[in-house]
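Listed below are the residues making up each chain.
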Amino acid sequence: MPFAFKIDPLSLLFVFLILLGAIPNLFYSQGYLSHIRRKAHYLIHYFTFIFSMIGVVTAANGLSFLLFWELMSLASWQLILTEPEEEGVIPAARFYFFMTHFGFIFLLLFFLLISDGNLESGFAQMHNIAAHFAYPTLLFFLLILGFLSKAGVVPLHVWLPYAHPAAPSPVSALMSGVMLKVAIYGMFRFMLDVLYPWPLEWGILILVLGALSSLVGVLYALSEHDIKALLANHSIENIGIILIGFGMGMIFDALGLGILSSFAFIAALFHTFNHMSFKSLLFMGAGSVLHETHTKNIEKYGGLIKSMPITALSFLLASVSISALPPTNGFLSEWMIFQSLLSSNTISDMSLKLAIPFAVFALALTGGLAIACFVKAYGINFLGLHRSANARHAKEVNSLMRLGMLTMSGVVISLMLLAPAFIHLFDKVLVADGRVGAYDAIFPFGIWNMHSVAINGGVVSPLILLISLLGVTLLLAWAYRKLEPKRRLYRTWACGYRTGVRTQYSATGFAGPIRRFFSWLYKPKEHLRKESLAGHESKFDSSSYDVHVKPLFERSLYEGTARLANWISYWVYRLAHFEQTRYAAMIFNLMILVLFSYRIFAHQFSWATFALESVVMVISIKVLIIGDKR
Amino acid sequence: MILYFVTILLLLALAPILLSFMKAVKMWLLYKRPISLLQGYRDFSKLLSKETILSREASAMSQVAPFLVLSPLLIVLFYLPPAVKGAYYVSFVDAFTITGLLALSTFFLMLLGLDSASSFGGMGSSREAFISALVEPAMVLTIFSVSMMAGDLGIGQAGVNLALHFPKEHMASYLFAAISFFILLIAENGRIPVDNPETHLELTMVHEAMILDITGLYLAIIEMAASLKFAIFASLFATLFLPFGMEYALPIALLIFTIKLFIVALAVAIIEVNTAKLRLFKVPNLLGIAIVFAFLSLITFYVLGA
């Protein structure tokens, strides 16, 4: 059979994830369709995209996996190109195409190596080949280059903030919410089933990559003004958080701590689901705002809670959840990941034990910065006064789009309320994969309290928290109603000046302190323009301040590589075309080098001839290539 | 169970008094006539009878957020470690939940600041976001370290364990964690040198800037939240880092607990009188000290076992 499909619990779990992400998206997409001009093109690729993702997670051999993986990449690439006339879409699509195929090459190599050239072999055969492979670390590196370039992990994350904003919003929600998770599925499938007994170092590498991605993602999200690019940067952050959980699972497994490892893997799976739900919801909310205001610039929004209450409410739910605030599902999965990091105090390797607090530090700082970022995103978008005419004319989106957002909110809430059921599901999947079950240790006394599996670990009771928060808030509101204070509407106090649109804090201003504190990383380009009155420095009519942050990795790694390639090709070109004597001399010297080194391979090496030949080489290089000093 | 509710009521009652006490100590040290300890209650009753002025620019958020600022703190009150030996405590809550609930309260406070379209509100929210983002890692690391010394991550159980078995053998890391936690107490409650609670100068205010546009009953709710937050932190400091005198009979033990709260307040007041408020961009240095002490605490615990 060239193509083979199999549905085992892990596949089924991810099919479930894809459907959870795709069904609310269908409604939303239907509502969004009127906004799209190339409808047929969009719909064909949209359904191909969903279908191919399901194909990837159900594939049972290398060939079908690669086929659907490539189909998924191509369909999403075409979906980015839905509105090619918009600015920045074509370069973004080109960049995405390049990056996704960069990863595909490594995946292809991985599959060719692991299946001994026979792409039709199943996962069990691959496991056998991997067990006898001489360089398993090579396989591991090919695997993570392949999957993590798709998942958007530092340093292969650069395409996300370009590709996600360029796509239509339902597609951004699918790409960020679901497609990145397919790459996480690849990690689970091929790490757990194929490359199984792994050394400790692999887990540490994944942990470090996760911690770096989470910090880098959230820091660049804070400096972003484009709402969708902001959310794309948060995807990098959340994939990092998932990988922290995954890496801890690998570390615990390598140390032989089965139940802790299962706990960490469950945490990673739970965060995968949570991120799917709230990130899809956030992208839908951002898409609705974009649909109404026709701009992605966060500085042009403001006050939308008054005209778009349902969008605002669902965006708030998702913001609270992604900021990992209790009692939401985002809090629960991040709590689990924290607990698995904290249970590192039981391991005996001292250097590892001292290193893991740094991951705790990274994750906690990420959490704090994510709160700051979502206060910015929510506060600037939905609160205050309308910052532009576009925002003033915004209305609530059509009912299908609202239905999409409400269904996705339902998914978020059900992940919160049914957390025990979901954890039970993840546990069963891992048990079916031959891991130790952890459900009974997480919920030893019923579903009310969630325990860490470590000795003397933490406890949290999501449902009690939710009920008490709701209860106390309602009680306070009821008491307020009873007291019936007199109310008056009046202007906001602003030192006697009128409050206006431009007296509000902007998103740039809001992130100002953090941007200044991290300016060593951001290296922001600031443009300040003032039209001063009669030559006074401090008196001016109008001024504009603009700050632009170019990500470090793009600045150094990508542009550096491009510059290096450019430089090499320039010199090669110059040598071959303008300095032909020197070029010929280089060829000549290369030939002598080959002739001379023949002795080594022929085992006729002697120090005397080596010295003589070295002298000949040095003279010839000096005279023919370097030449006289001009 | 009765003791549990008595402690909660005591904390609720003491919360405004603690803030007034700090203010009174500061005034006394500055040779001013100190305010009464009941000033907090007077302010509260005054605010109750005032009319509420809502900003015309604000949205429904302004009418909902104050409740969401207060309710997480009210819930945290139920989850604190026992102040008296043998009292009931909630066993199903750990320190992360508590930091999460505090962050939830701050989240809505920051949204409240942005809602009224005032530049002051935005300024306060922006600064608060900056400070609380940097507080978070220090807080988590301190919790990690204390939980290892106490032998449990559950906050109530940790308090009980520390009272039963004072970590003499881990004195160094215990002290480092205490220093770190005290800095966090100052930063989270917006006291000098991080924020000045008594100023309304736009250069310096953080917490006050966010609530500048709130009046009447809503302001009373927010003020109550601020005083409760201090009471929560003081009580956490008292039960986790001063875990003695809890085994006495009921009234004496409660009295000792109250005295501990006042000692924490006194320490904060003395620091407030003796230091100048830091510039906003110097605040990370102070929080950096807290982070470093938290790391030191962990490392001494792991490496030296001290």
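Residues numbered from 1 in each chain as written. Chains lettered and ligands numbered in written order. Predicted model: local features only at pLDDT ≥ 70, side-chain atom pairs only at ≥ 80, totals over all residues. Heavy atoms only, no water.

Some points on the overall build of chain B
What chain B contains, in helices and strands, is eleven helices and one strand. Ordered by position from N to C terminus, the α and β elements of chain B give α-α-β-α-α-α-α-α-α-α-α-α. Here chain B has a C-alpha radius of gyration of 19 Å; the compact-globule value for 306 residues is 19 Å, and the two agree. The C-alpha extent of chain B, read off along each of the three principal axes, is 60 × 45 × 40 Å. A burial count over chain B gives 65% of its 306 residues as buried. Here the analysis covers contacts within chain B between residues at least 6 apart in sequence; of these, 80% occur between residues at least 24 apart. Summing over all exposed atoms, chain B offers an accessible surface of approximately 10,800 Å²; the carbon and sulfur share of this is 70%. Separation of charge centres in chain B, based on 17 positive and 18 negative side chains, amounts to 8 Å. (Helix = DSSP H or I, 4+ residues; strand = E, 2+ residues; numbered from the N terminus. Rg over C-alpha atoms; globule rule 2.2 N^0.38 Å. Buried < 20%, exposed > 50% of the residue type's maximum accessible area, 1.4 Å probe, protein only. Contact = heavy atoms within 4.5 Å. Areas by Shrake-Rupley, 256 points an atom, 1.4 Å probe, with all protein chains shown as cover. Lys, Arg positive; Asp, Glu negative; His and termini not counted. Charge placed at Lys NZ, Arg CZ, Asp CG, Glu CD.)

Considerations on the overall build of chain A
When helices and strands are tallied, chain A shows 26 helices and five strands. What you see for chain A is a C-alpha radius of gyration of 28 Å, in line with the 25 Å of a compact globule of 630 residues. By sequence separation, contacts in chain A at least 24 residues apart represent 77% of the contacts at least 6 residues apart. Surface summary for chain A: the accessible area is close to 26,300 Å², and the carbon and sulfur share equals 68%. Distance from the positive charge centre (45 side chains) to the negative charge centre (33 side chains) of chain A: 10 Å.

Comments concerning the side chain of Arg 127 of chain B
Residues and elements named next belong to chain B. You can see Arg 127 is positioned in helix H5 (residues 119-150). One buried charged side chain, Arg 127, makes no salt bridge at all; its nearest oppositely charged neighbour is Asp 195, positioned 7.3 Å away. For Arg 127, the side chain forms a polar contact with the main-chain oxygen of Leu 203, separated by 3.4 Å. The contact partners of Arg 127, leaving out residues within four places of it in the chain, are Glu 202, Leu 203, Thr 204, Met 205, Val 206 and Leu 280. (Salt bridge = Lys/Arg side-chain N within 4 Å of Asp/Glu carboxyl O. Polar contact = N/O pair within 3.5 Å; in protein donor to acceptor, adjacent residues only side chain to side chain.)

So, the pattern of salt bridges
Evaluation of the coordinates by the stated rule reveals 14 salt bridges over all chains. Here Lys 550 of chain A ties to Glu 559 of chain A by a salt bridge, and the two come within 2.7 Å at their closest N and O atoms. On the basis of relative accessible area, Glu 559 of chain A is assigned to the partly exposed category, the value being 30%. A salt bridge links Lys 26 of chain B to Glu 272 of chain B, with the nearest nitrogen and oxygen atoms 2.8 Å apart. Pair noted here: Lys 26 of chain B is in helix H1 (residues 2-29) and Glu 272 of chain B is in helix H10 (residues 250-274), with a separation of 246 residues, a long-range link. Here the two residues Lys 26 of chain B and Glu 272 of chain B agree in accessibility, since each one is buried. Residues participating in the shared-partner salt-bridge network are Lys 26, Arg 191, Glu 198 and Glu 272 of chain B.

A few points about the packing of helix H1 (residues 9-32) of chain A against helix H8 (residues 169-194) of chain A
Residue and element names in this part refer to chain A. Across the interface, H1 lies against H8 with an axial gap of 9 Å and an inter-helix angle of 175 degrees. Considered as vectors, H1 and H8 are oriented roughly antiparallel to each other. Contact residues: Leu 10, Ser 11, Phe 14, Leu 17, Ile 18, Gly 21, Ala 22, Asn 25, Tyr 28, Ser 29 and Tyr 32 in H1; Ser 169, Pro 170, Ala 173, Leu 174, Val 178, Lys 181, Val 182, Tyr 185, Phe 188 and Arg 189 in H8. The residue makeup of the contact of H1 with H8, split by class, is 14 nonpolar, five polar and two charged. (Axes fitted to C-alpha atoms, helices over the stretch in contact; angles between N-to-C directions. Parallel < 35°, antiparallel > 145°, perpendicular 65-115°, else oblique. Nonpolar A, V, L, I, M, F, W, Y, C, P; charged D, E, K, R; others polar.)

Here's the deal with the packing of aromatic side chains
The geometry of an aromatic ring pair comes down to the distance between the two centres and the angle between the two planes. Scanning all chains against the criterion turns up 71 aromatic pairs over all chains. For the ring pair Trp 493 of chain A and Phe 120 of chain B, a centre distance of 6.1 Å and an interplane angle of 15 degrees mean the geometry is stacked. Taken as a pair, Trp 493 of chain A in the loop between strand S3 (487-490) and helix H21 (507-510) and Phe 120 of chain B in helix H5 lie in two separate chains rather than in one. We note Lys 260 of chain B situated over the ring of Phe 244 of chain B; from NZ or CZ to the ring centre the distance is 5.5 Å. (Phe/Tyr/Trp six-rings, centres within 6.5 Å; stacked < 30°, edge-to-face > 60°. Lys NZ or Arg CZ within 6 Å of the ring centre and 35° of its normal.)

Comments concerning helix H15 (residues 350-382) of chain A
Residue and element names in this part refer to chain A. With 33 residues, H15 extends 49 Å between its outermost C-alpha atoms, agreeing within 8% with the 48 Å of an ideal straight helix rising 1.5 Å per residue. The buried count for H15 comes to 27 of 33 residues, which makes it a mostly enclosed element. One or two residues past the end of H15 sits Gly 384, with phi positive at roughly 80 degrees. (Expected span 1.5 Å × (residues − 1).)

As for the environment of Leu 219 of chain B
Residue and element names in this part refer to chain B. Inspection of the secondary structure puts Leu 219 in helix H9 (residues 216-241). Linking Leu 219 and Phe 230, residues eleven residues apart in sequence, is a C-alpha distance of 17 Å. Contact partners of Leu 219, with chain neighbours within four places excluded, come to Leu 47, Ile 211 and Ile 214.

Section: the packing of helix H11 (residues 258-293) of chain A against helix H18 (residues 419-432) of chain A
All names here are of chain A. Look at H11 against H18: their axes get within 10 Å of each other, and the N-to-C directions meet at 125 degrees. In terms of axis orientation, H11 runs oblique to H18. The handedness of the crossing between H11 and H18 comes out as right-handed. Of the residues in H18, those touching H11 at Ser 262, Phe 265, Ile 266, Leu 269, Phe 270 and Phe 273 are Ala 419, Phe 422, Ile 423, Phe 426, Asp 427 and Leu 430. (Left-handed = near helix turned anticlockwise from the far one by under 90°.)

Let's talk about a nonpolar patch on the surface
All names here are of chain A. On the surface, Leu 19, Ile 23, Leu 26, Phe 27, Phe 47, Leu 400 and Leu 403 cluster together into a nonpolar patch covering about 550 Å² of accessible area. Within the residue set of the nonpolar patch, elements represented by two or more residues are H1 and helix H17 (399-417). Element by element, the count of residues in the nonpolar patch is highest for H1, at four residues. (Patch = residues over 30% accessible without salt bridge, like charges linked within 9 Å, V, L, I, M, F, W, Y side chains within 5 Å.)

Brief notes about unusual backbone geometry
Val 154 of chain A connects to Pro 155 of chain A through a cis peptide bond whose omega is 0 degrees. The topology assignment puts Pro 155 of chain A in the loop between helix H6 (136-151) and helix H7 (160-166). Residue Ile 192 of chain B is joined to Pro 193 of chain B through a cis peptide bond whose omega torsion reads 10 degrees. Mapping Pro 193 of chain B onto the fold places it in the loop between helix H7 (171-188) and helix H8 (207-210). Of note in the backbone geometry, Glu 484 of chain A takes a positive phi value of approximately 50 degrees without being a glycine. One non-glycine residue with positive phi stands out, namely Tyr 31 of chain B, at about 60 degrees. Tracing the backbone shows Tyr 31 of chain B in the loop between H1 and helix H2 (39-49).

Observations regarding the interface of chain B and chain A
Taken residue by residue, the interface counts 73 residues in chain B and 74 residues in chain A. Taking both sides of the interface into account, the surface hidden between chain B and chain A amounts to around 6,600 Å²; carbon and sulfur atoms contribute 75%. Contact with chain A buries surface across chain B, with Phe 92, Phe 107 and Tyr 302 of chain B losing the most and accounting together for 10% of the total. For the interface between chain B and chain A, the tally reads one salt bridge. As a salt-bridge pair, Arg 488 of chain A and Glu 51 of chain B come within 2.8 Å of each other at their nearest N and O atoms. If you look at where chain B meets chain A, you find 19 residue pairs in polar contact (both at pLDDT 80 or more). If you list the elements that add at least two residues to the side of chain B that touches chain A, you get strand S1 (52-55), helix H3 (61-78), helix H4 (95-115), H5, H9 and helix H11 (283-304) of chain B. Ranked by the residues each element gives to the side of chain B that touches chain A, the list is headed by H5 of chain B, at 16 residues. For the side of chain B that touches chain A, the per-class residue count stands at 48 nonpolar, 16 polar and nine charged. Of the pairings in the sheet, the one linking S3 of chain A to S1 of chain B comprises four bridges and is parallel in character. Looking at S1 of chain B, one finds that Tyr 490 of chain A is bridged to Ser 55 of chain B. (Buried area = accessible area lost by both parts, 1.4 Å probe. Pairing = 2+ DSSP bridges.)

Observations concerning the side chain of Glu 579 of chain A
As for its placement among the helices and strands, Glu 579 of chain A is situated in the loop between helix H24 (552-578) and helix H25 (580-601). Its relative accessible area of 19% is what places Glu 579 of chain A among the buried residues.

Remarks on the confidence of the model for chain B
All names here are of chain B. When pLDDT is averaged along chain B, the result is 92; 100% of the residues meet or exceed 70. Least confident of the elements in chain B is S1, whose mean pLDDT is 88; most confident is H7, at 95. This complex was scored by the predictor with a pTM of 0.93 and an ipTM of 0.95. (pLDDT = per-residue confidence, 0-100.)

Things to note about H17 of chain A
Residues and elements named next belong to chain A. Given a rise of 1.5 Å per residue, 19 residues ought to cover 27 Å, and the 26 Å separating the end C-alpha atoms of H17 matches this to within 8%. Considered for burial, the residues of H17 that qualify are Met 401, Gly 404, Met 405, Met 408, Ser 409, Val 411, Val 412, Leu 415 and Met 416. Projected onto a plane normal to the axis of H17, the buried residues spread over an arc of 150 degrees and lie on a single side. On the buried face of H17, the contacting elements are H1, H11, helix H13 (309-322), helix H14 (329-342), H18 and helix H20 (462-483). (Arc of directions from axis to C-beta.)

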